[in-house]
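For reference, the chains in residue letters:
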Amino acid sequence: MSPDFAPALSRDAALRRLVQSFEAAGLPEARTDARFLALHALGLSPLDLTLRGRDPLGEAGAGALRGAAARRLAGEPVARIIGAWEFWGLPFALGPDTLVPRPDTESVVEAALRLFPERDRPLRLIDLGTGSGCILVALLHERANAFGIGLDRAQGALAVGRRNAEANGVGDRAAFLCGSWLEALTGPFDLIVSNPPYIAASVIATLQPEVRLHDPRAALDGGEDGLDAYRAILSGVAQRPGLLSAGGALVLEIGYDQAPALTRLAQTAGFAEARVGRDLAGNDRVVTLRPSLAGR
Ligand code: GLN
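Residues numbered from 1 in each chain as written. Predicted model: local features only at pLDDT ≥ 70, side-chain atom pairs only at ≥ 80, totals over all residues. Heavy atoms only, no water.

**A short note on the pairing of strand β7 (residues 244–253)**
Then comes step 1: With respect to burial, β7 is a largely interior element, eight of its 10 residues being buried.
Then comes step 2: Here β7 runs beside strand β9 (residues 284–291); their pairing, made up of four bridges, is antiparallel. Note that in β9 the partner of V251 across the bridge is T288. (Buried < 20%, exposed > 50% of the residue type's maximum accessible area, 1.4 Å probe, protein only. Helix = DSSP H or I, 4+ residues; strand = E, 2+ residues; numbered from the N terminus. Pairing = 2+ DSSP bridges.)

**A look at the nonpolar core**
Then comes step 1: Among the nonpolar cores identified, the biggest contains 35 residues, and L128, I192, L250 and L252 are the most heavily contacted of them.
Then comes step 2: Those elements that place two or more of their residues in this core are β3 (123–128), β4 (146–152), β6 (189–194), α10 (228–239), β7, α11 (259–268) and β9.
Then comes step 3: Once residues lying within four places of it in the same chain are set aside, the contact partners of L252 are S194, Y230, I233, L234, L262, R285, V286, V287 and L289. (Core = buried A, V, L, I, M, F, W, Y, C linked by side-chain atoms within 4.5 Å. Contact = heavy atoms within 4.5 Å.)

**Some points on the UniProt feature "domain: Release factor glutamine methyltransferase N-terminal" (unreviewed entry) in the chain**
Then comes step 1: In the UniProt entry, the feature "domain: Release factor glutamine methyltransferase N-terminal" (unreviewed entry) is given for residues 14–83.
Then comes step 2: Secondary structure over residues 14–83 splits into 73% helix and 0% strand, and the C-alpha atoms at its two ends are 22 Å apart. (UniProt positions renumbered as here; feature names shortened; annotations may be inferred.)

**Examining the pairing of strand β8 (residues 271–278)**
Then comes step 1: Note: β8 against β9, seven bridges, orientation antiparallel. Opposite R278, over in β9, you have D284 as the bridge partner.
Then comes step 2: Linking two consecutive strands that pair antiparallel, namely β8 and β9, is a turn of five residues; a positive phi of about 90 degrees is found at G282 within it.

Structural data, given as structure tokens:
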């Protein structure tokens, strides 16, 4: 049940009550969820909450907290309630057309940066299915002379991506375009990155409600075997070798069990090299592909 918050209740007591109600509901991250939501609902910084924890919630604070608690208890993820999340240490606004950025996806950024270790080297990047723009913006943030395109089919995502690029100080080096995978692009790009939808359609119903009910289906659904987006991307690059510059590479996020399938797809599409990398949990999470020189 959603806890009640009287306006006279102190912020500290309200936070305790929120934690208890989340624990009672069996939320695995009760404490962290409660803290994030309380800070957001009350419009406080962590320092404000520490220093002024005995202040009363007030009418507006109590109402906001009630609303946030009810939404979380109904299964909405904290990131959706806040409307923003952190990725690569940077803030990202979210919208209905964007996934909540996952920490796993930072392995894509790391793999891409390892390919181009010089901070100042000019680079041309494209992020396919950019969503919130998190991969692109993180890369532009780390490579001062890189220019990048965030591509998405969803107009709503493009507006969010643009806003995130601007908020993180890379708006002048980012363009956001509406499109489907590599159709209508010319290149050449030094890096093609993507966290495409890769969940097999039949598996989506088994995902946690936070994902299944609140992340956009188009960002999850990879078709019958989960590999549709990879087939489109790999055949796009194979058919138009000019899309990648000499020395260019693709860095793609994959599902934990998709490395063998991706390696096979890449071989069939004529890529010379496929390297698989892991996320922090030790799962296969990213594949780096280079085209064969013969096809160029
Ligand atoms: N990693 C996401 C999840 O587990 C899936 C994102 C995707 O399909 N690209 O929900």
